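Next come the chains, spelled out residue by residue.
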Amino acid sequence: MSDTPKKLSTDAYKGVRDFFPVDMAVQRHIFNIWETTSKKYGYEEYGASVLEPADLYRAKTGEEIINEQTYSFIDRGDREVTLRPEMTPTLARMVAARKRELTFPLRWYSIPNLFRYEQPQRGRVREHWQLNVDIFGVESLAAEIEVISMAYDITRAYGLKDTDFEIRLNSRRLMHYVTADVFNLDEHQSHTISKLIDKKDKVKADWFEAAAMEILGDNTPKFLTLLNSKNFEEFTTNLPQTAEEHKGLSEVRQVIAGLEKLGITNTRFDQTLMRGFDYYTGIVFEVFDLNPANRRAVLGGGRYDDLLSLFGNEKVTAVGFGAGDVTARDLMETYNALPAAPSSADIMICVVGEHNIPYALDVAQKIREKGQRIAVDLSIKKLGDQISHANKRGIPKIIVIGDEEVSTGKLKTKDLKTGEEQELIG
RNA sequence: GUGCCUAUGGUGUAAUGGUUAGCACUCGGCUCUGUGAAAGCCGCAGCAUGGGUUCGAAUCCCAUUAGGCACCCCA
């Protein structure tokens, strides 16, 4: 320590947020949407520690890159520990651990905070909260339809209309068929081209074409035609005849039809939608905001049938998605759908004279027993100041307690909006 | 990790290289010691840090630090 002590900064650590009451109100609102939707569909809540052994994430990707984007450290017992960057591996670990005891289908949700070590920028921070919804043990497309329907409900609850967003769908199975069977690529090439497809809308057309050429050669024009198909029908006709009965095509068709039966019609097949994770095996989807100010995915997920094999278990089929709080908040801001801050109490007791505080506390306690939220102003300021303080906090009613009230035992509530006074009974 | 931009009271902002660094909100006090939403008055509090140019720097230059945005990467 130097002799000129440096003041501590009041800033939060880079990339993480403080939640002041006004922010917490928004966060609560988002969590409530997530929770009520999950519960409405019969999902059970689970949770886990933010700490996981680093191996859990290494096993999944087999790449060192993951390490550079996680918070990892060595504990005192020489174990390598990571702050979870996503919830799915933890979930897979938990389900695998109790696979024999659990009754499938399993419907689980959680709202974990997740960490990643990255440069913060708009929509991306180092700690965020994410709803994770997963259904295990349902092989049929009913699982996809249910989960996408939840995603739809959540997006509507954010305050968006059907015309504000669309649900983009694709099938990993279909795309694998395209790369492996239609274009005869090996696994490695398929993987590379998949990553490329994912980038299509972000890079220049000629750059994309050149990159595709390196892998596909003469087939590139055919490939580009396919990727540029305007809709599902056109995409289908650009495929060989034999593709018609391929499962990848029919599953896209069925999910779209299934959602339509539920009244969800703003779906769109998108052959360029891949999603980052390698573990997806079937349908993948994203809710995409069409507002020109945003134009980005607000949530996404898909089917991953093989993840539990990491733990040596036999297959358990799974479909799930994740939705982040940062995008939800940004979305509500652009759509002007942020909730009004709730008041902290129904009634404030203003106390005139310090000696009357014990009496006021007693009154407050009795009213609380009836289920009202009540706070006592302990400031001993002038009455006018106390009232104006209650008003500023959005507390709708006050009770004044001073010598007069204590001696008569008669209390009145006053409505700060209307000015009306009412005798308090009991 | 790379590039671009930014940095003035707690917050939001103003100031042709020369002002006592201005304004609004917030906060504290008063007009007004048992009834608030108004108005007015008073007060607290600031040029991110370190160098340089200059008679003179909030202002120009450099570095550092911090933040934002974009790239990279992508839960």
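Preceding block: the structure.
Here's what I pulled together on the structure shown here. (Residues numbered from 1 in each chain as written. Chains lettered and ligands numbered in written order. Predicted model: local features only at pLDDT ≥ 70, side-chain atom pairs only at ≥ 80, totals over all residues. Heavy atoms only, no water.)

Should their charged atoms come close, side chains of opposite charge can pair. Applying the stated rule across the entire model yields 20 salt bridges. Where R17 meets D325, a salt bridge forms, and the shortest distance between an N and an O atom there is 2.9 Å. With R17 in the segment before α1 (21-40) and D325 in helix α12 (residues 325-334), this pair connects stretches of sequence that are 308 residues apart. D153 is paired through a salt bridge with K40; the nearest N and O atoms lie 3.9 Å apart. Taken together, the residues D153 in helix α5 (residues 142-157) and K40 in helix α1 connect sequence positions 113 residues apart. (Salt bridge = Lys/Arg side-chain N within 4 Å of Asp/Glu carboxyl O. Helix = DSSP H or I, 4+ residues; strand = E, 2+ residues; numbered from the N terminus.)

Inspection of the region around RNA strand B gives 35 residues, with E86, H128, F277, N391 and L416 positioned closest. Separating a base nitrogen of RNA strand B from a side-chain N or O atom of N391 is a distance of 2.4 Å. The separation between a base oxygen of RNA strand B and a polar main-chain atom of D403 is 2.8 Å. Of all elements in the fold, only α14 (383-392), α15 (403-408) and β16 (412-415) reach the threshold of two or more residues within the surface near RNA strand B. Among the elements that make up the surface near RNA strand B, the one with the highest residue count is α14 (six residues). (Near = heavy atom within 4 Å. Polar contact = N/O pair within 3.5 Å; in protein donor to acceptor, adjacent residues only side chain to side chain.)

Glancing now at the packing of aromatic side chains. Think of a pair of aromatic rings as described by two things: how far the centres are apart, and how the planes are tilted against each other in angle. As enumerated under the stated definition, the model contains 15 aromatic pairs in all. Between Y71 and F115, the ring centres sit 6.5 Å apart and the planes meet at 80 degrees, which makes this aromatic pair edge-to-face. Of this pair, Y71 sits in strand β3 (residues 71-74) while F115 sits in strand β6 (residues 113-115), and the two are 44 residues apart along the sequence. Note on F115: relative accessible area 13%, which makes it buried. (Phe/Tyr/Trp six-rings, centres within 6.5 Å; stacked < 30°, edge-to-face > 60°. Buried < 20%, exposed > 50% of the residue type's maximum accessible area, 1.4 Å probe, protein only.)

As a further point, take helix α13 (residues 357-369). For an α-helix, the turn length of 3.6 residues means that residues three or four places apart are oriented alike. The end-to-end C-alpha distance of α13, which contains 13 residues, comes to 19 Å, matching closely the 18 Å that a straight helix rising 1.5 Å per residue would cover. Inspection of α13 places I357, A360, V363, A364 and I367 among the buried residues, and these make up the whole buried set. The buried side chains of α13 occupy one side of the element, clustering within an arc of 120 degrees when seen end-on. Among the exposed residues of α13, those pointing more than 90 degrees away from its buried face are P358 and E369. Along its buried surface, α13 packs onto β13 (347-351), β14 (374-377) and β15 (397-401). Once α13 ends, the next one or two residues include G371, with phi positive near 95 degrees. (Expected span 1.5 Å × (residues − 1). Arc of directions from axis to C-beta. Contact = heavy atoms within 4.5 Å.)

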